[in-house]
Amino acid sequence: MAEKKYRVVHYLNQFYAGIGGEDKANMPPLIKEGVAGPGIPLQQALGEEGEIVATVICGDSYFAENIETAAEKVVEPVSSYKPDVFVAGPAFNAGRYGVACGASCSAVSKKLGIPAVTAMYKENPALDLYRKEIYIIPTADSVRGMKEAIPDMAGFIRKLGLGQEIGLPQEAGYFPHGIRVNQFVERTGAERAVAMLLSKLKGEPFQTEYPMPTFERIPPSPAIGDLRSSTIAMVTSGGIVPLGNPDRIEAASASKFAEYNIAGVDDLTSDAYQTCHGGYDPVYANDDPDRVLPLDAMRALEKDGTFGKLYDLYYVTVGNATSIANSQKFGKEIAEKLKAARVDAVILTST
Amino acid sequence: MHLELGIIKIKDVQFGKETVIENGILYVNKNELIALALQDDRLSEADVELARPGESVRIIPVKDVIEPRVKVNGAGEPFPGVIGKTQTAGAGRTNVLRGAALVTLGRIIGFQEGFIDMTGPGAQYTPFSQTNNVALILHPVAGLAPHAHEEAVRLAGLKAAVYLGKACRDVAPDELEVYELTPVTDATLPRVAYVHTLLSEGLLHDTYLYGIDAKKILPTLIHPNEVMDGAIVSGNCVSACDKHTTYHHLNNPVIKEFYRRHGKDLNFIGVIVTNLNVTLADKERSSDYASKLVKLIGAEGAIITEEGFGNPDTDLMMLCKKMEDYGIKTVMITDEYAGRDGGSQSLADAVPQADAVISVGNANEVINLPPMKRIIGDLKPAEVIAGGFVGSLTAGGGLNVEIQAIMGSTCQLGFGKLTAREY
Amino acid sequence: MVHVASIVPISLTVGANRIVPAVAIPHPLGNPELPEQEERELRLNLVKKALRALQVEVEKQTVFEE
């Protein structure tokens, strides 16, 4: 018999493993030798090349209630089997199962460096949580799609197991991670642009190189109650920092934000403050930093009682080529600090 | 308008007693060039160094790159309205030192520019690793105001490029490129236009059209030959990756590709230049006006190119939407700022009509570059230029930076072959 | 939170719910062409507008033009 080329460990929930239904949904992870449930047809599809050496089984509720601990408890036994590939599911449209599959794959992939793949329906809420980190293959919305899911999963496992290159999502058949990767191609951008325009004019199909992004919508916060007793803080993406940019916030692609104390300061002047933002003409902001961070106006309105208090600290970063991911991180951290300090509202200025 | 570009191919650059071209080698009289630069008493010091393709050389910090040219016959001088007399460019014969470039450097004003690696992994990201570069290093007098400093360096660079260009006035060209919008008789060929947006946001982000600050223009019609013959000059110094150097303006690849296909599968009817200003009202006004011009000249389709990123994405989207609303089919060329992991939204603005986008790459991609044997300029600015960060300078003079810092790496005229794909 | 920024379309695209249009990119709360006193008044009025916006209940993204 030919030697198996790669070893696989399979993750299933309690239902697909044949252990029980909702009554067993609280069972902690266990690992057993060989295949179970959908692992049987999956092994058949892998044929002589790959072997599912073990199956990890865990209850959906157990996992959902302790995602991190459960994932760790999956990683441990998996490592002892030293698989080449880890596969979970298919989860179809089951939310808790999808999360368990996604989280297990993610943990195994990150902690053990083993390639991982799972499969689920496009509307499974777990998809957006894990698609960036692991391979997720599309399936139908229910177990009726098992017949198609198995060969799709087997094909992918095989590629991973044999160390073959996984190409573009559309070709290889997985949900795009959503990661933009640079590549050099044959034609210049201008040549491709003219070709695309001619196709568009002729009504021929073409593929955009960048589909328009969608941005998150956040529900509006309630209006502040009584302005006269409120504490307001200032935040800016315009790069206004103390002279010399002591925390070295970058002129573009900022990797950080900073916090500075303005207690007792009534006005930002060019001898004490500057802009470090590299994306706009700095002359006006350097001349009078209040033009970007309106401290003088805020002090005036604090003094005449229009609002209660100007928070002693302000927050600054540079919004120039700074990624959305970083900006979201900074925003969350700043918001947490301001909440802890019981600030009532923020004026955010941008350039 | 009939323009002939006499292409003189340059394969090497050397210092020499006189500035001449012999057998495809550009010889440069260093002292003469320095004296020329220092005619502007706003500049205190100047130096010249040479860099050739394949050499282990890093040029940093770079302000502009200009292709040396000279007007052989026909009206006008190179860079009309800036250093040349104001006459319409785009006709007659202009000789070009193809394969040569004048590169300006100097001490940082504000947040400086980019760099060029002549060899190694960074070389493929810039067209200027393929040119024989004459690097002009310029220092301002003490206390010079930033606006004056930028202007002094810009003018010195253009004058130097023309000085080098003059060396080929009487040299027989290796090739002749002819540019003329011959009348198209085939009425089935689609009528297409090019909407060329110029960055115009203030110090270090300016562009000049016949010497006029693009901030002040209303969008206008221009013949493609005028663009190819020096009507547009760069005063823009931020984010090396997607600024259009004067060299890029002179060699606009969208114009070249439209010309290549003119009369064959399209009818290239014209170019509209517009600006990228800093107020919402200006953005609305310019995009309204430019779109209307495209409609007035009867274009069925248009390519829009961008310069810069961030708020100019709004101009790009406004132009797209307004032209599509007129029934004009559009394609846009843009780069992306998707974060270092490539996982963030790449543009600051979006409209559903933007369904035909050419991406020239994610500017935030980080690249690790080895040290070069020779530095022209100064390596220290690497940590403060756009795309650089604390720690960008690695042991022995290597660079760990975003490709944002490399000259022309994501030029949104579609000059290069970089793109980004979704994985 | 209220976002004081000049390029309102971007503010809308990225999801700010209270937006006050500012003067220009390099000087959102200033105008170097104005004499000092007028410029300070301009800034004061913009900040007042921002503070007023914070006191208004909104159901969706709202640009406070006046």
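Residues numbered from 1 in each chain as written. Chains lettered and ligands numbered in written order. Predicted model: local features only at pLDDT ≥ 70, side-chain atom pairs only at ≥ 80, totals over all residues.

Novice: I keep staring at the overall build of chain A and nothing clicks. Help me out?
Specialist: The helix and strand inventory of chain A stands at eleven helices and 14 strands. Computed over the C-alpha atoms, the radius of gyration of chain A is 27 Å, more than 25% above the 20 Å expected from 2.2 N^0.38 for a compact globule of 351 residues. The dimensions of chain A, computed from C-alpha atoms along their principal axes, are 85 × 55 × 35 Å. (Helix = DSSP H or I, 4+ residues; strand = E, 2+ residues; numbered from the N terminus. Rg over C-alpha atoms; globule rule 2.2 N^0.38 Å.)

Novice: Where do I start with the overall build of chain C in this structure?
Specialist: The secondary structure content of chain C amounts to two helices and three strands. When its C-alpha atoms are laid out on the principal axes, chain C stretches across 40 × 25 × 15 Å. Residue burial in chain C is summarised as follows: out of 66 residues, 53% are buried. Expressed as a percentage of contacts within chain C between residues at least 6 apart in sequence, the contacts between residues at least 24 apart total 44%. (Buried ≥ 20, exposed ≤ 12 C-beta atoms within 10 Å, placed from the backbone. Contact = placed C-beta atoms within 7 Å.)

Novice: Looking at this model, I keep getting lost on the sheet that holds strand 3 (residues 20–22) of chain B. Mind explaining?
Specialist: All names here are of chain B. The three strands lie next to each other as 2-4-3, forming an open sheet whose pairing is mixed. A strand with exactly one partner marks an edge of an open sheet, and here the two such strands are strand 2 (12–15) and strand 3. This sheet shows a mean twist of 25° between the axes of neighbouring strands, independent of strand direction. The sheet contact formed by strand 2 and strand 4 (residues 25–28) spans four bridges and is parallel. Note that in strand 4 the partner of D12 across the bridge is I25. (Pairing = 2+ DSSP bridges. Axes fitted to C-alpha atoms, helices over the stretch in contact; angles between N-to-C directions.)

Novice: Please explain unusual backbone geometry as it appears in this structure.
Specialist: One can expect most non-glycine residues to show negative phi and most peptide bonds to be in trans. In the segment running from A:G89 into A:P90, the intervening peptide bond is cis, with an omega of 15°. With respect to the element layout, A:P90 can be found in the loop between strand 4 (85–88) and helix 4 (95–112). For the bond from B:I60 to B:P61, the omega torsion is -5°, close enough to zero to count as cis. Among the structural elements, B:P61 can be located in strand 6 (residues 57–66). One non-glycine residue, B:N23, adopts positive backbone phi at about 55°. With respect to the helices and strands, B:N23 occurs in the loop between strand 3 and strand 4. Backbone geometry places B:F79, a non-glycine residue, at a positive phi of 55°. Tracing the sequence through the fold places B:F79 in the loop between strand 7 (69–73) and strand 8 (92–98).

Novice: Can you walk me through the interface of chain B and chain A in this structure?
Specialist: At the junction of the two partners, chain B supplies 71 residues and chain A supplies 52 residues. Of all elements in the fold, only helix 5 (253–261), strand 19 (301–305), strand 20 (329–336), strand 21 (357–362) and strand 26 (418–422) of chain B reach the threshold of two or more residues within the side of chain B that touches chain A. Of the residues forming the side of chain B that touches chain A, the biggest block, six residues, is contributed by strand 21 of chain B. Classifying every residue of the side of chain B that touches chain A gives 35 nonpolar, 22 polar and 14 charged. With five bridges joining them, strand 7 (residues 180–184) of chain A and strand 26 of chain B adopt antiparallel strand pairing. Bridged to A:Q183 within strand 26 of chain B is B:T419. (Nonpolar A, V, L, I, M, F, W, Y, C, P; charged D, E, K, R; others polar.)

Novice: I would appreciate a short explanation of the sheet that holds strand 13 (residues 191–199) of chain B in the present structure.
Specialist: Where strands meet in a sheet, backbone hydrogen bonds hold them as pairs that are either parallel or antiparallel. Residue and element names in this part refer to chain B. Here six strands make up an open sheet; going across it, the order is 16-18-13-19-20-21 and the pairing mixed. The open sheet has two free edges, formed respectively by strand 16 (220–222) and strand 21, since each of these has just one partner strand. Mean inter-strand twist for the sheet, computed between neighbouring axes without regard to direction, equals 20°. The sheet contact formed by strand 19 and strand 20 spans five bridges and is parallel. In the strand pairing of strand 20, I304 is matched with M332. Sheet strands in contact with helix 5 are strand 13, strand 18 (267–276) and strand 19, and its direction is about 170° off that of strand 13. Running over the sheet, helix 6 (residues 280–296) touches strand 13, strand 16, strand 18 and strand 19 and is turned about 170° from strand 18.

Novice: Teacher, can you tell me more about the packing of helix 1 (residues 39–46) of chain A against helix 6 (residues 146–161) of chain A here?
Specialist: Packed helix pairs are specified by the crossing angle of their axes together with the interaxial distance, meaning the distance between the axes. Residue and element names in this part refer to chain A. In the contact formed by helix 1 and helix 6, the axes pass within 9 Å of each other and the chain directions differ by 55°. In terms of axis orientation, helix 1 runs oblique to helix 6. As for the relative orientation of helix 1 and helix 6, their crossing is right-handed in sense. Residues P41, L42, A45 and L46 of helix 1 form the contact with helix 6, whose own contacting residues are I150, P151, M153, A154, I157 and R158. Each residue belonging to the contact of helix 1 with helix 6 can be placed in one class, and the counts come to nine nonpolar, no polar and one charged. (Parallel < 35°, antiparallel > 145°, perpendicular 65-115°, else oblique. Left-handed = near helix turned anticlockwise from the far one by under 90°.)

Novice: What am I meant to see in the nonpolar core here?
Specialist: Among soluble globular proteins, nonpolar side chains are generally buried collectively. With 199 residues, the main nonpolar core has B:I59, B:V103, B:L136, B:L164 and B:A302 as its most contacted residues. The leading source of residues in this core is helix 2 (residues 146–166) of chain B, at nine residues. In contact with B:L136, other than residues within four places in its own chain, are B:A37, B:A46, B:V48, B:L102, B:V103, B:T104, B:L105, B:A156, B:G157 and B:A160. One finds A:I52, A:F86, A:A103 and A:Y135 within the second-largest nonpolar core, a separate group that totals 57 residues. (Core = buried A, V, L, I, M, F, W, Y, C linked by C-beta atoms within 7 Å.)

Novice: Whenever I open this one, the domain arrangement of chain A confuses me. Can you help?
Specialist: Accessible area lost upon the coming together of the parts is a frequently used measure of interface size. Considered domain by domain, chain A is made up of domain 1 (6–172) and domain 2 (227–349). Placing a centre on the C-alpha atoms of domain 1 of chain A and another on those of domain 2 of chain A gives a separation of 47 Å. (Domains from an automatic or database assignment.)

Novice: Explain the environment of B:L50 to me, please; I cannot follow it from the model alone.
Specialist: Residue and element names in this part refer to chain B. Within the secondary structure, L50 sits in strand 5 (residues 43–51). Sequence separation of L50 and L102 is 52 residues, and the distance between their C-alpha atoms is 9.7 Å. Discounting chain neighbours no more than four positions away, the residues touching L50 are V13, F15, N133 and V134.

Novice: Looking at this structure, I do not really get helix 10 (residues 295–303) of chain A. What am I missing?
Specialist: Structurally, the α-helix is built with 3.6 residues per turn, so residues lying three or four positions apart point the same way. Those residues of helix 10 of chain A that fall on the buried side of the exposure criterion are A:L295, A:D296, A:A297 and A:M298. Next to the buried residues of helix 10 of chain A lie strand 8 (231–236) and strand 12 (309–310) of chain A together with helix 2 (36–54) of chain C. Just beyond helix 10 of chain A, the residue with positive phi is A:G305, at close to 85°.

Novice: Just checking my understanding: could you explain the environment of B:P371 for this structure?
Specialist: Residue and element names in this part refer to chain B. Along the chain, the position of P371 falls in the loop between strand 22 (366–369) and strand 23 (374–377). With 60 residues separating them along the chain, P371 and N311 place their C-alpha atoms 35 Å apart. For P371, the residues in contact, after removing those within four places along its chain, are G396, G397 and G398.

Novice: Help me understand the packing of helix 1 (residues 30–37) of chain B against helix 2 of chain B, please; the structure alone is not making it clear to me.
Specialist: Residue and element names in this part refer to chain B. Helix 2 packs onto helix 1 with a crossing angle of 145° between their chain directions and a minimal axis gap of 9 Å. As helix 1 runs across helix 2, the sense of the crossing is right-handed. On helix 2, the residues touching L33, L36 and A37 of helix 1 are A156, K159, A160 and Y163. For the contact of helix 1 with helix 2, the residue count by class is six nonpolar, no polar and one charged.

Novice: What is the right way to look at the environment of A:Y210 in this model?
Specialist: Inspection of the secondary structure puts A:Y210 in the loop between helix 8 (189–202) and strand 8. When the C-alpha positions of A:Y210 and A:R180 are compared, they lie 9.3 Å apart, and in sequence the two are 30 residues distant. Each residue touching A:Y210, except ones within four places of it in the same chain, is listed here: B:E336, B:S346, B:V357 and B:S359.

Novice: Help me understand helix 5 of chain B, please; the structure alone is not making it clear to me.
Specialist: Buried within helix 5 of chain B we find B:P253, B:V254, B:I255, B:K256, B:E257 and B:F258. In this structure, the buried side of helix 5 of chain B is in contact with helix 8 of chain A together with strand 13, helix 3 (224–228), strand 18 and strand 19 of chain B. Taken from the residues just after helix 5 of chain B, B:G263 is the one with a positive phi, measuring 85°.

Novice: Would you explain the confidence of the model for chain C in this entry?
Specialist: When pLDDT is low, close inspection of the predicted coordinates is not appropriate. For chain C, the mean per-residue pLDDT works out to 94, and 100% of the residues sit at or above 70. Here the predicted complex carries an ipTM of 0.97, next to a pTM of 0.87. (pLDDT = per-residue confidence, 0-100.)

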